[in-house]
Amino acid sequence: MVEDRPINTSAPVSTPTEAPEKSATVLKITGGHSLSGEVRISGAKNSALAIMAGTLLCSDECRLTNIPDLADIKRMSDVIRALGVGITASPQAIDFDTRHLSTSEAPYELVSKLRASFFIIGPLLARMGEAQVPLPGGCAIGARPVDLHVRGLRAMGAEVMIEHGVVHATVRGSRRKLQGAKIYLDYPSVGATETLMMAATLAEGQTIIENAAQEPEVVDLANFCRSMGATIMGDGSNKIIIQGCDRLHSTDYPIIPDRIEAGTFLVAGAITQSAFSIFPVVPDHLLPVIAKLEETGTKVIAESPDRLRLQPQGLRATDIETLPYPGFPTDMQAQFMALLTLCEGSSVVTETVFENRMHHVAELSRMGAAIKLKGNNAIINGVPFLSGAPVMATDLRASAALVLAGLAAEGTTIMHGIHHMDRGYDDLEGKFKALGAKIERLTTVEAE
Ligand code: EPZ
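Every chain begins its residue count from 1, and numbering advances along the sequence as written. Whole-chain, interface and lining totals are the exception, using all residues; otherwise, since this is a predicted model, local features are given only for residues with pLDDT of at least 70 and side-chain atom pairs are given and counted only at 80 or more. Side-chain figures throughout are based on the complete set of non-hydrogen atoms in the structure, without hydrogens or water.

Participant: It is not clear to me how the nonpolar core should be interpreted in this structure. Could you clarify?
Facilitator: Grouped burial of nonpolar side chains is what soluble globular proteins tend to show. Put simply, buried Ala, Val, Leu, Ile, Met, Phe, Trp, Tyr and Cys residues joined by side-chain atoms within 4.5 Å make one nonpolar core. Exposure is judged per residue with a 1.4 Å probe applied to protein chains only, and the accessible area is read against the type maximum: over 50% gives exposed, under 20% gives buried, and values in between give partly exposed. Grouped together as the largest cluster of nonpolar side chains are 77 residues, with contacts concentrated most on F96, I120, M156, L178, M197 and F224. Residues contacting F96, with those up to four places away along its chain left out, are M52, T55, D60, E61, C62, L64, I80, V85, G86 and I87. Counting 67 residues, the second-largest nonpolar core is a separate cluster that includes F265, L266, A378 and A393. Only heavy atoms matter for contacts: two residues are in contact if any of them lie within 4.5 Å across the pair.

Participant: Looking at this model, I keep getting lost on the side chain of H420. Mind explaining?
Facilitator: Mapping H420 onto the fold places it in helix α13 (residues 418-424). Under the relative-accessibility criterion, H420 is labelled buried at 16%. We call two N or O atoms a polar contact when they sit within 3.5 Å, provided that within protein one can donate a hydrogen and the other can accept it, with sequence-adjacent residues counted only if both atoms are side-chain atoms. Among the polar contacts listed, one links the side chain of H420 to the side chain of H419, at a separation of 3.5 Å. Not counting chain neighbours up to four residues away, the residues in contact with H420 comprise A393, T394, D395, L396 and S399. In this text, helices come from DSSP runs of H or I with a minimum length of four residues, and strands from runs of E with a minimum of two, each type numbered from the N-terminal end.

Participant: Even after reading the chapter, I still don't get the confidence of the model for the chain, so can you show me in this structure?
Facilitator: For residues with low pLDDT, the predicted coordinates do not support detailed interpretation. Confidence in the prediction for the chain averages 93 pLDDT; 95% of positions are at 70 or higher. Counted against residues more than four places away or in other chains, residues 1-23, with its pLDDT under 50, gives 30 contacts. What pLDDT reports is the predictor's confidence in each residue, on a scale of 0 through 100.

Participant: Just checking my understanding: could you explain the pattern of salt bridges for this structure?
Facilitator: Side-chain pairs of opposite charge can arise whenever the charged atoms involved come near each other. Here, a salt bridge means any side-chain nitrogen of Lys or Arg that lies within 4 Å of a carboxyl oxygen of Asp or Glu. For the coordinates displayed, the defined rule picks out 26 salt bridges. Of the charged contacts in the structure, one is a salt bridge between R99 and E61, with a shortest N-O distance of 3.5 Å. One end of the pair, R99, is in the loop between β5 (93-97) and α3 (108-111); the other, E61, is in strand β3 (residues 61-65), with 38 residues separating them in the sequence. Given the relative accessible area of 40%, E61 is considered partly exposed. With a shortest N-O distance of 3.4 Å, D147 and R151 are connected by a salt bridge. One end of the pair is D147 and the other is R151, both in helix α5 (residues 147-155) and four residues apart, which spans about a single turn.

Participant: Whenever I open this one, the site of the ligand confuses me. Can you help?
Facilitator: Any residue with at least one heavy atom within 4 Å of a molecule or strand is counted as near it. Surveying the vicinity of the ligand reveals 23 residues, the closest of which are D147, L148, S189, D331 and V353. Note that an oxygen atom of the ligand is positioned 2.6 Å from one of the side-chain N or O atoms of D331. A distance of 3.1 Å separates an oxygen atom of the ligand from a polar atom in the side chain of R357. Computed by Shrake-Rupley with a 1.4 Å probe, the accessible areas treat only the displayed protein chains as cover when residues are assessed. Protein contacts shield 87% of the accessible area of the ligand, which totals 820 Å² for the unbound molecule. Put simply, the parts of the chain that give the shell around the ligand at least two residues each are α1 (45-54), α5, α6 (190-201) and α12 (396-408). Gly is placed with the polar residues, together with every amino acid not listed as nonpolar (Ala, Val, Leu, Ile, Met, Phe, Trp, Tyr, Cys and Pro) or charged (Asp, Glu, Lys and Arg). Partitioned by chemical class, the residues of the shell around the ligand number 11 nonpolar, five polar and seven charged.

Participant: I keep staring at the side chain of D220 and nothing clicks. Help me out?
Facilitator: For D220, the position within the fold is in helix α7 (residues 216-227). Nearest to the buried, unbridged D220 among oppositely charged side chains is R226, at 8.6 Å. With near-sequence residues (within four places) excluded, D220 lies in contact with S47, I51, Y253, P254, I255 and I256. Working convention for charge: Lys and Arg count positive, Asp and Glu count negative, and His plus the chain ends are omitted.

Participant: Just to check I follow, could you spell out the sheet that holds strand β6 (residues 130-134) for this structure?
Facilitator: The sheet built from three strands is open, its strands ordered β6-β8-β7 with antiparallel pairing. The strands lining the two open edges of the sheet, one partner per strand, are β6 and β7 (159-163). Each strand axis lies, on average, 15° off the axis of its neighbour in the sheet, ignoring direction. The criterion for strand pairing is that DSSP finds at least two bridges linking the strands in question. Pairing of β7 with strand β8 (residues 166-170), which is carried by five bridges, proceeds in the antiparallel orientation. Counterpart to I162 in the pairing with β8 is V167. For helices, the axis comes from a line fit to the C-alpha atoms of the stretch in contact; other axes are also lines fit to C-alpha atoms, and the angle between any two N-to-C directions lies between 0 and 180 degrees.

Participant: Got a minute to help me understand unusual backbone geometry in this structure?
Facilitator: Peptide bonds are trans in most cases, and residues, glycine excluded, mostly fall at negative phi. Residue P280 follows F279 across a cis peptide bond; omega there is -15°. Counting through the fold element by element, P280 comes out in the loop between β14 (277-279) and α9 (287-296). Cis geometry marks the peptide bond from Y325 to P326, where omega comes out at 10°. For P326, the location among the structural elements is in the loop between β17 (320-321) and α10 (333-340). Phi is positive for N66, close to 60°, though the residue is something other than glycine. With respect to the element layout, N66 can be found in the loop between β3 and α2 (71-82). We note that R144 has phi near 55°; this positive angle belongs to a residue other than glycine. As for its position among the elements, R144 is in the loop between β6 and α5. For R144, a relative accessible area of 23% translates into the label partly exposed.

Participant: Can you walk me through α12 in this structure?
Facilitator: An α-helix turns once per 3.6 residues; consequently, residues spaced three or four apart project the same way. In this analysis, the expected span of each helix is defined as 1.5 Å times one less than the number of residues it contains. In a regular helix each residue adds 1.5 Å, so 13 residues correspond to 18 Å; α12 covers 19 Å between its end C-alpha atoms and thus fits that length. Where burial is concerned, most of α12 is hidden: 12 out of the 13 residues are buried. For α12, the full list of buried residues reads L396, R397, A398, S399, A400, A401, L402, V403, L404, A405, G406 and L407.

Here it is in C-alpha cells:
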C-alpha cells in the first residue's frame, strides 16, 4: 500500500534541466471508496465561453458571475483581452470593459488553444463590421468544421473568405451593418446557433434561425443578450427569432449551473453505489441523464428545486444514443459508458453527434471493461469489477470517464493527460476528495 505522501507539485524531476511540465502531472485514484455528503456544482463551462464572446456585443461594461475556474475560461479571457477589452477577474466575478474594442483580428496563437474562441466572430462582425478569426483546428473527437457558422454569416450579408487558415469576414455598406436573414441550419449546431444569434442582435431587421440548437446553454446566452436589451424569442425551441437593434447596454449576469458537471457527479454516485447530494442544479437540464440513470437502477430524488440526491439500487444495463438537446447529451456519453461497463447485461452506446468520440473505449478496456466497438456503436457487456491501471485521457469527457472508472475499480488507477480534465472541470479531484474519494494529483516522479 503506497502511503499517502504529501502532494509536492514542485518535486524535482529526473532530469534537472526539465521543469515539471503540466503533462508530468497525473491523477492517482484509489478505488473502492463510497462517497457521501454534498457537492457544489460550478457554473456551466459551455455557457460561460459563449457568453464571454457575447460580451463583445456590449458597448459598455458588463459583469459575469458564477464563472467556473477552468483553463478554457482563462484562454477565452486571453483572446478577448487581445482584442482590446479590459478584463478584471475576481473569485466571484469577471468584469469586461468593451468600450475600447480596438481590433477585429484574433491572434492565431491564442485562438488555436481554444476552439470555442471562434464564437467571437459573430459579435466582432456585428460590432466592428469585420473580423479575422483563425479557423479552429479539429480535435480528438472530430473535424469540428464551421461551415454552418460561415454560411449563416454570408446569409446576413457578410463577405467571408478563408485564406491561409484564417476566416476573413467583412460587411460592406455605409453603416457596415449585418442584415437580418432567414437561416436554416442543416444540423442544429450549438456553436452555429450561438454565433448567428449573437450576430443577429445588432443586425438591421429580423433574423430567423430554423433548426436551431435547443441546448440550455443557448437559452442562457439568449437570456444574457436580453439582459443587455436584445430582442430574442423562441430560444430553447428549434426556431429562434431575433430583432436587431443598434446598441446593447451593460449587465450583471449569473451563469447557469453546469449540467454536464452535475451529470458527471450523478454517474459517480451510480458507479460507486453512493448516496450524496448535488446543488445547485436545474433538474430540467438533466432529464435525459436522470431518465437513463433510473433505467440502470439509480433513482434521483429532488430534495429541493435546485438540489438532487442519489439513491442507487443496483446496476442494470441500458442503451444510450447521443442526440442534440433534449436528447441524451454527447458530453455525457463517455461518463455513462464507464458506468455501463459495470451494469449487469449488455448495453449499446451510439454516438451520433461527433464522428470520433470513442477514444475512452480502449482505456476502459485496459481496466477490464468488455466493450466491442463497431464504428460509432459500442456494445458493452457488464463485468463484475474493473481493475485499476495506468490510463491516458485523450479528451475532456474521456478524462472524466476514466476518473469515474477509477473510483469504482479495484486497486489504483494512474490517469495521465490530466490537462484535458483541467480544461473543463473546476477542481474535480477536490470535489471528489470532499465526498470521501481517495484521489490526488501527483507528479509522475511521485506516482512511480
Ligand atoms: C458545443 O460544441 C460544445 N462546446 C461541445 O462541448 C458539445 O459537445 C457540442 O456543442 C454538442 O452539444 C461548447 O459549447 C464550447 P456543434 P460545438 O456545433 O458548438 C457539426 C465539451 O465536452 N458541425 O453542435 O462545436 C460538428 O462537426 C464540448 O464540453 C458542422 O458540421 O458543437 C458536430 O459533428 C465538446 N458544421 C456537430 O455538428 C458546423 O459549422 C455538433 O457540433 C458546426 C458543427
